[in-house]
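These are the residues of each chain, in order.
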Amino acid sequence: TDRTFGGGSMKSQMKRADRAGARFVLVIGENELAKGVVALRDMRESQQEEMPRDSVGEYLKSCLRP
């Protein structure tokens, strides 16, 4: 687990997460806060989806089960 609070552009932050080997990136910006959601990016699949904040834990558990 790591975090950043505005440490560069979104592109540079995604590159940093990729170099660190992150499987998932959780994005919570102004737009997400206004909508009451988070954006969860799967770095392996290069896909991103929005979901309610309270769904993230269960979603990640389902993705990481063998």
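Note that the structure is a prediction, hence the values are computed from the model and not measured.

Residues and numbers for a nonpolar patch on the surface, please.
There is a patch of nonpolar side chains on the surface, built from Leu26, Ile28 and Leu33 and spanning about 280 Å² of accessible area. Tracing the sequence through the fold places Leu26 in strand 1 (residues 24-27).

Go over the sheet that holds strand 3 (residues 47-52) with me, naming the residues and quoting the values.
The strand order across the open sheet formed by three strands is 1-2-3, and the pairing between neighbours is antiparallel. Sheet topology places strand 1 and strand 3 at the edges, where each strand pairs with a single neighbour. Across this sheet, the average inter-strand angle for adjacent strands is 25 degrees, counted without regard to direction.

Give me the nonpolar core: which residues, what numbers.
Most often, soluble globular proteins keep nonpolar side chains buried together rather than apart. Met14, Ala17, Val25, Val27, Ala39 and Met43 form the largest nonpolar core, which has six residues in total. Aside from chain neighbours lying at most four places away, what touches Val25 is Met14, Ala17, Ala39, Leu40, Arg41 and Met43. Counting five residues, the second-largest nonpolar core is a separate cluster that includes Phe24, Val38, Leu40 and Val56.

The rules behind the values
Residues numbered from 1 in each chain as written. Predicted model: local features only at pLDDT ≥ 70, side-chain atom pairs only at ≥ 80, totals over all residues. Heavy atoms only, no water. Patch = residues over 30% accessible without salt bridge, like charges linked within 9 Å, V, L, I, M, F, W, Y side chains within 5 Å. Areas by Shrake-Rupley, 256 points an atom, 1.4 Å probe, with all protein chains shown as cover. Salt bridge = Lys/Arg side-chain N within 4 Å of Asp/Glu carboxyl O. Helix = DSSP H or I, 4+ residues; strand = E, 2+ residues; numbered from the N terminus. Pairing = 2+ DSSP bridges. Axes fitted to C-alpha atoms, helices over the stretch in contact; angles between N-to-C directions. Core = buried A, V, L, I, M, F, W, Y, C linked by side-chain atoms within 4.5 Å. Buried < 20%, exposed > 50% of the residue type's maximum accessible area, 1.4 Å probe, protein only. Contact = heavy atoms within 4.5 Å.

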